[in-house]
Structure formats: structure tokens, C-alpha cells
Amino acid sequence: GIQVEQSPPDLILQEGANSTLRCNFSDSVNNLQWFHQNPWGQLINLFYIPSGTKQNGRLSATTVATERYSLLYISSSQTTDSGVYFCAVEGGGGSNYKLTFGKGTLLTVNP
Amino acid sequence: DAGITQSPRHKVTETGTPVTLRCHQTENHRYMYWYRQDPGHGLRLIHYSYGVKDTDKGEVSDGYSVSRSKTEDFLLTLESATSSQTSVYFCAIRDTNEKLFFGSGTQLSVL
């Protein structure tokens, strides 16, 4: 099946700093999503982005499908951005409606 | 809010006992999923459903069964719980825009 690798595994920032999280995948994709899991365990869908660029406030994401990677940008980070960020993909040819998750990036934003 | 309710939220059980987790949705989405989350593994797909009585296996389906007799309910059953099934279980739905939304999770401890 398709492989998903996220980097870095851990990231510590001071409030106000910017960061870039990366997601590499091993095959063509027809669905790619980014999620944030807050410290209370809740999983929030951030972006559906199989290709192109999207922005939502301080967060933006870019997927370059031909080069098999996606980037999540967080600008002017806040302590509430802390948590784990997951990338999930579906692909490998046909649509099988199953998303495979990476192991996540643990982000800690200190005040 | 995708209208997803998981029950119970927490459960402690003993090895060898049967356990059923319930996922209920209010918006009649066709696709429903069960994932488990463990440290170091991210989220892994157990089973999913693409309609009433239509289900398929994910990557970690051994020891689990599912049923979907109504559109709104997707049940996950551990026929004989083992300590390796101690985990946090998440239900998810896939909306008409292909985005995945998660319930709040069930913390299961098998002693």
C-alpha cells in the first residue's frame, strides 16, 4: 500500500514563530488531507488538498502531487497550535476510499 | 460539526470478554470508518463501511468485526478482547466533499 512519511517528528517553537511541516508519499494520490489533534485528543480536519494551495487564516497548505509531497505552513504560531499534525492520503491508482495516515508531527508552541 | 457520537467514551474490560463500540452519525453519510490510535503508530484503519451491510477490512482488522445494519450506526466488536487491543478508537465519516471527520474517540483498556 501507499507509504506516508511526515517530518519532522517533533518541533518546538516560541510563540510567534513560523513553521513548515512536510508530508511525503510513495505513490500518486487522489485525496490528501491534513488534521490537527489537540492536546485533548480531538481530531480536526484542516485541509482537503490533493493538489494546489489553500489558505485558512494563519494556516496554509500546498500539495505538489507530481513530486509526491505536501507542506503545511503555520505562521505566527500560538500556543493553541500545539498538538499533533497528521497527513493522510488515498491513492496508488484507483480510489479505494481508504485514507492512510502518517505518524504525525508533534508541535509544541511555548509562550 | 459532523454529528458523530461515539459510545462509550471510556471502557475498562478484562481479557477474553466481548466488547462493542458504537458510532452514530446524524447526516446519512455513506462511508464510515473505524481507526485505532497507538503511540508511535499514528492512526491505523481497522474496518470501514461503504453502505448498509457493506463493509471491508483495513490494515489491522484481525480480532475485530463490524456491522452496519442502519446508515447511521457502525458497530465495532472485539469478540474476545486482548491486552494488545488497549487503544484509543476513533470513528470517522467521509462527507460529500471527500473530507474525513472524526468522533471524540473511545479509550479502551483491556486488563
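Reference entry: report on the structure contained in this document. (Residues numbered from 1 in each chain as written. Chains lettered and ligands numbered in written order. Predicted model: local features only at pLDDT ≥ 70, side-chain atom pairs only at ≥ 80, totals over all residues. Heavy atoms only, no water.)

1. Considerations on the sheet that holds strand β8 (residues 69–74) of chain A
Residues and elements named next belong to chain A.
Part 1 of the reasoning: Here we have five strands laid out as an open sheet, ordered β1-β3-β8-β7-β6, and antiparallel in their pairing. Each of the sheet's edge strands pairs with one partner strand only, and the pair in question is β1 (4–7) and β6 (52–56). For this sheet, the mean angle separating the axes of adjacent strands, direction not counted, is 15 degrees.
Part 2 of the reasoning: Here six bridges tie strand β3 (residues 19–25) to β8, and the two strands are oriented antiparallel to one another. When the bridges of β8 are listed, Arg22 appears paired with Leu71. (Pairing = 2+ DSSP bridges. Helix = DSSP H or I, 4+ residues; strand = E, 2+ residues; numbered from the N terminus. Axes fitted to C-alpha atoms, helices over the stretch in contact; angles between N-to-C directions.)

2. Some details on the sheet that holds strand β8 (residues 73–78) of chain B
Residues and elements named next belong to chain B.
Part 1 of the reasoning: The strand order across the open sheet formed by four strands is β1-β3-β8-β7, and the pairing between neighbours is antiparallel. Strands at the two margins of the open sheet, each flanked by one partner only, are β1 (4–7) and β7 (64–70). When strand polarity is set aside, the average angle formed by the axes of neighbouring strands in this sheet is 20 degrees.
Part 2 of the reasoning: Across four bridges, β1 lies against strand β3 (residues 19–25) in antiparallel orientation. Across the sheet, the residue bridging to Ser7 is Arg22, located in β3.

3. Comments concerning the interface of chain B and chain A
Part 1 of the reasoning: Across the contact, 19 residues belong to chain B and 17 residues belong to chain A.
Part 2 of the reasoning: Summed over both partners, the interface of chain B with chain A buries about 1,600 Å², with 56% contributed by carbon and sulfur atoms.
Part 3 of the reasoning: Together, B:Leu43, B:Arg94 and B:Phe102 form the three largest contributors to the area buried by chain B at its contact with chain A, with a combined 27%.
Part 4 of the reasoning: One can count one salt bridge joining chain B with chain A.
Part 5 of the reasoning: One salt bridge connects B:Arg94 with A:Glu90, and the closest N-O pair in it is separated by 2.8 Å.
Part 6 of the reasoning: Scanning the region where chain B abuts chain A turns up eight residue pairs in polar contact (both at pLDDT 80 or more).
Part 7 of the reasoning: Within the side of chain B that touches chain A, the residues separate by chemical class into ten nonpolar, five polar and four charged. (Contact = heavy atoms within 4.5 Å. Buried area = accessible area lost by both parts, 1.4 Å probe. Salt bridge = Lys/Arg side-chain N within 4 Å of Asp/Glu carboxyl O. Polar contact = N/O pair within 3.5 Å; in protein donor to acceptor, adjacent residues only side chain to side chain. Nonpolar A, V, L, I, M, F, W, Y, C, P; charged D, E, K, R; others polar.)

4. Topic: the state of the cysteines
All names here are of chain B.
Part 1 of the reasoning: The final tally for this structure, using the stated rule, is two disulfides over all chains.
Part 2 of the reasoning: Through a disulfide, Cys23 is tied to Cys91; the S-S separation comes to 1.8 Å. Between Cys23 and Cys91, the disulfide has an S-S torsion of -70 degrees and is therefore left-handed. Linking Cys23 in strand β3 with Cys91 in strand β9 (residues 87–94), this pair joins segments that are 68 residues apart in sequence.
Part 3 of the reasoning: Accessibility expressed as a relative area gives 0% for Cys23, which makes it buried. (Disulfide = S-S within 2.5 Å. Buried < 20%, exposed > 50% of the residue type's maximum accessible area, 1.4 Å probe, protein only.)

5. Side note on the pairing of β7(B)
Residue and element names in this part refer to chain B.
Part 1 of the reasoning: Where β7 lies against β8, five bridges are found, and the strand directions are antiparallel. Counted as the bridge partner of Lys70 is Asp73 from β8.
Part 2 of the reasoning: Counting the residues between successive antiparallel strands, the hairpin from β7 to β8 contains two residues.

6. Considering the pattern of salt bridges
Part 1 of the reasoning: Scanning the model with the defined rule gives seven salt bridges over all chains in all.
Part 2 of the reasoning: For B:Asp38, the salt bridge goes to B:Arg44, with nearest N and O atoms at 2.9 Å. Considered together, B:Asp38 and B:Arg44 belong to a single accessibility category, that of buried residues.
Part 3 of the reasoning: In this structure, B:Arg94 engages B:Glu98 in a salt bridge whose closest nitrogen and oxygen atoms are separated by 2.6 Å.
Part 4 of the reasoning: Connected through salt bridges with shared partners, the residues A:Glu90, B:Arg94 and B:Glu98 form a single ionic network.

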